[in-house]
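Residue-level listing of the chains:
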Amino acid sequence: MRSKTLLLCAGLIAATLNTAHAQEAAPAADTKLSLEAAIRQTLTYSPKLKAGLEGIGVSRGERQQSGLIPNPEFSAEAENFAGTKSAKGFDAAEVTLGVAQPIEMGGKRSARIKAADMQMSIADLELRATALDLVRDTTVAWAEAVAAHEEVEVAQNQQELAEDVLQSVARRVAAAAEPAIQQSKSEVALASSKIALQKAERNLEAAMKNLARMWGQDAVDYQIDEDSFFTTQDVQGKPSLENNPDVKLLQAGIGLAGANLDVEKANAVPDVTVGAGIRDSRGDDSQAFVASLSIPFPVFNRNQGNIMKAGHEVAKAEHQKTAAVQEIELELVRVQNALQTSRLEIESLEKSIVPAAEKSFALAKKGYTAGKFPYLEVLDAQRTLADVHMQHVSALKDYHIAQAQFDRLTGKNVDLLNAYGDKNAQ
């Protein structure tokens with residue numbers, strides 16, 4: 001797992017170096033952007049991953065610093081000079097040159113290294129969580145863009161139907177088979193369909209821009225591959241949080257709190273400073289070695305406050321994990337229910353409701369043309385057909401949004417990230 005994570009990081013670092021070429025790597029206008037391609041664009045050029053990579057660099061710097069030993073201290077001391085009588089001038093001076101080395105006791109260095117290693121693991125997991133968040137957000141943005149495109153098509157179809165119905169009404173009004181007010185109603189319906197189309201087109205433009213911004217671009221000059229939008233699948237097996245990076249982060253937080261407790265316990269042990277040097281006595285022109293040993297006596301400050309604080313931090317992290325896991329599990333149940341509900345709604349719409357609405361409108365229009373049904377029947381069937389088509393698109397969008405949230409909670413795309421890292425690290 002560690003090697004795969006490093007490969008992921010290497011791939012993302014390589015991608016970051018190419019961020020300046022993001023415009024050149026934008027999806028071509030003559031190609032259709034699939035969901036997989038959209039995710040690839042986001043993982044390659046998202047500025048959020050750049051921040052995550054800097055977090056990896058921060059943790060590496062902390063790890064390097066944690067393993068360094070204290071610097072030695074050089075000292076120079078002069079005595080018995082610039083005084084009176086025999087101590088006048090510098091002839092009777094005693095000069096001592098020495099070096100002292102603090103020696104850490106109590107396992108401070110190893111405790112710091114352990115804490116820094118835990119921090120590196122957390123930075124690793126945070127990068128994975130960020131990447132999975134981006135996969136989820138890109139999927140949602142892609143689903144919203146496809147849904148907006150489908151809504152435009154529905155609005156266009158409704159406008160064409162309204163124009164066709166208006167022609168039929170106009171012919172019947174001209175033949176004195178309908179009152180003129182029916183033509184006015186039909187014209188209002190056509191005007192409403194045009195307004196709905198304009199609104200749908202604006203929503204599509206906004207959705208396309210939102211998707212492009214996932215990889216840091218404003219351009220919307222591309223098409224979307226919509227095939228997978230109409231594909232649904234049932235949830236197989238019992239969902240698990242085993243690959244959820246948030247749960248792993250919570251566990252790593254407990255580990256970091258424990259490592260920090262070890263650091264504070266080690267800090268309670270006083271360090272030893274060993275010194276050595278040479279003393280030059282100018283008065284009798286003699287030299288001698290000097291040595292020193294300094295050991296603080298922990299009478300008042302035994303770091304007891306920080307130890308108590310770190311101990312409570314461990315307990316706090318454990319309780320936070322318990323509470324957070326419960327919330328994640330509840331969210332997983334909610335999302336799974338939403339996913340299954342959307343899927344059942346889609347099946348019902350596709351198998352019965354949409355075909356029935358289409359058949360009802362066709363029969364109403366045919367009957368109206370033959371003079372068997374009043375215009376209100378056609379208008380009602382037309383509105384029902386539009387509402388059913390919009391409901392179908394909305395259900396599909398809700399399904400893909402729920403699927404994206406479900407995949408994020410279960411960590412489904414962890415393997416996708418590993419494969420992406422392997423590919424870019426080559």
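Residues numbered from 1 in each chain as written. Predicted model: local features only at pLDDT ≥ 70, side-chain atom pairs only at ≥ 80, totals over all residues. Heavy atoms only, no water.

Let's shift gears to the nonpolar core. Residues Trp 142, Leu 211, Trp 215, Tyr 222, Ile 224 and Tyr 375 are the most contacted members of the largest nonpolar core, which totals 68 residues. Contributing elements (two or more residues each) for this core: helix H2 (35-45), helix H3 (47-66), helix H4 (108-174), helix H5 (180-212), helix H7 (304-369) and helix H8 (375-410). The biggest single contributor to this core is H4, with 17 residues. Residue contacts for Trp 142: discarding those within four places in its chain leaves Leu 33, Ser 34, Leu 35, Leu 211, Ile 224, Asp 225, Ser 228 and Phe 229. Within the second largest apolar cluster, 11 residues are counted, among which are Ala 115, Ile 122, Ala 259 and Ala 266. (Core = buried A, V, L, I, M, F, W, Y, C linked by side-chain atoms within 4.5 Å. Buried < 20%, exposed > 50% of the residue type's maximum accessible area, 1.4 Å probe, protein only. Helix = DSSP H or I, 4+ residues; strand = E, 2+ residues; numbered from the N terminus. Contact = heavy atoms within 4.5 Å.)

Moving on: the pattern of salt bridges. For the coordinates displayed, the defined rule picks out 14 salt bridges. Of the charged contacts in the structure, one is a salt bridge between Asp 133 and Arg 408, with a shortest N-O distance of 2.5 Å. Of this pair, Asp 133 sits in helix H4 while Arg 408 sits in helix H8, and the two are 275 residues apart along the sequence. Assessed through its relative accessible area of 23%, Asp 133 is described here as partly exposed. Asp 246 is paired through a salt bridge with Arg 408; the nearest N and O atoms lie 3.0 Å apart. Highlighted residues: Asp 246 in helix H6 (residues 245-267) and Arg 408 in helix H8, separated in sequence by 162 residues. What makes Asp 246 partly exposed here is its relative accessible area of 25%. Taking relative accessible area as the criterion, Arg 408 reaches 6% and is therefore assigned buried. Connected via shared salt-bridge partners are Asp 133, Arg 136, Asp 137, Asp 246 and Arg 408. (Salt bridge = Lys/Arg side-chain N within 4 Å of Asp/Glu carboxyl O.)

Quick look at a nonpolar patch on the surface now. A cluster of nonpolar residues, Ile 103, Met 105, Val 269, Val 274, Leu 293 and Ile 295, forms a patch on the protein surface that exposes about 490 Å² of accessible area. With respect to the element layout, Val 269 can be found in the loop between H6 and strand S5 (272-281). (Patch = residues over 30% accessible without salt bridge, like charges linked within 9 Å, V, L, I, M, F, W, Y side chains within 5 Å. Areas by Shrake-Rupley, 256 points an atom, 1.4 Å probe, with all protein chains shown as cover.)

We now examine the packing of aromatic side chains. Inspection of the entire model under this criterion finds two aromatic pairs. On the basis of an interplanar angle of 65 degrees and a centroid distance of 6.3 Å, the ring pair of Trp 142 and Phe 229 is categorised as edge-to-face. Residue Trp 142 is located in helix H4, and its partner Phe 229 is located in the loop between strand S4 (223-224) and H6; the two are separated by 87 residues in the primary sequence. Of the two residues, Trp 142 and Phe 229, neither departs from the other in class, the shared state being buried. Grouped by ring-pair contacts, the aromatic residues Trp 142, Phe 229 and Phe 230 constitute a single cluster. (Phe/Tyr/Trp six-rings, centres within 6.5 Å; stacked < 30°, edge-to-face > 60°.)

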